[in-house]
Amino acid sequence: MEIKNNELLRQFELETEQGLLSVEYSLQERKIFLTKWNGNEEENQDQGADFLKAILSFVEEKRLRVVPTHPKIVSFFRKNPVYKHLLPPGIRI
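Being a predicted model, the structure only gives us computed values, none of them experimental.

Bringing the environment of glutamate 24 into the picture now. Note that glutamate 24 resides in strand 3 (residues 20-28). Residue glutamate 24 is classed as partly exposed on the basis of its relative accessible area of 26%. Considering only alpha carbons, one finds glutamate 24 and histidine 70, 46 residues apart in sequence, at a separation of 9.8 Å. Beyond its immediate sequence surroundings of up to four residues, glutamate 24 is in contact with Arg10, Gln11, Phe33, Leu34, Thr35, Lys36 and Asn38. Looking at glutamate 24, its side chain comes within polar contact range of the side chain of asparagine 38, at 3.0 Å.

Pasting the structure below:
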């Protein structure tokens with residue numbers, strides 16, 4: 001899976017058969033705020049989860065902390081507690 005980090009629009013992008021999936025972000029200090037999920041709500045749930053896993057592996061390589069603000073991304077963190085180490089101290093989901 002090849003994700004594109006579009007720094008001009010501040011979003012991660014993935015081309016699929018259904019269209020473009022994107023997650024908008026805001027970068028502040030050593031934290032990345034995942035603020036908006038753009039995509040077809042009918043897309044394959046596994047594909048959306050794989051997209052978020054690819055984003056989180058990119059973030060982990062950059063040694064950033066993740067602050068999820070969109071409800072779909074928050075629910076991903078609840079379903080996958082293995083990624084809770086990426087949350088900054090004091091953030092509980």
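Topologically, glutamate 13 is positioned in strand 2 (residues 11-15). One buried charged residue, glutamate 13, remains without a salt bridge, the closest side chain of opposite sign being lysine 4 at 4.1 Å. A distance of 2.7 Å separates a polar atom in the side chain of glutamate 13 from a polar atom in the side chain of glutamine 11. Among residues more than four places away in sequence, those in contact with glutamate 13 are Glu2, Ile3, Lys4, Asn6, Leu20, Leu21, Ser22 and Phe51.

Once that is clear, we can look at the packing of helix 1 (residues 45-61) against helix 2 (residues 71-79). The interhelical angle for the contact between helix 1 and helix 2, taken along N-to-C directions, is 80°, at an axis separation of 11 Å. By the angle between their directions, the pair helix 1 and helix 2 is classed as roughly perpendicular. Contacts between helix 1 and helix 2 involve Gln45, Ala49, Leu52, Lys53 and Leu56 from the former and Lys72, Ile73, Phe76 and Phe77 from the latter. Taken together, the residues that form the contact of helix 1 with helix 2 break down as six nonpolar, one polar and two charged.

Conventions used here
Residues numbered from 1 in each chain as written. Predicted model: local features only at pLDDT ≥ 70, side-chain atom pairs only at ≥ 80, totals over all residues. Heavy atoms only, no water. Helix = DSSP H or I, 4+ residues; strand = E, 2+ residues; numbered from the N terminus. Buried < 20%, exposed > 50% of the residue type's maximum accessible area, 1.4 Å probe, protein only. Contact = heavy atoms within 4.5 Å. Polar contact = N/O pair within 3.5 Å; in protein donor to acceptor, adjacent residues only side chain to side chain. Lys, Arg positive; Asp, Glu negative; His and termini not counted. Salt bridge = Lys/Arg side-chain N within 4 Å of Asp/Glu carboxyl O. Axes fitted to C-alpha atoms, helices over the stretch in contact; angles between N-to-C directions. Parallel < 35°, antiparallel > 145°, perpendicular 65-115°, else oblique. Nonpolar A, V, L, I, M, F, W, Y, C, P; charged D, E, K, R; others polar.

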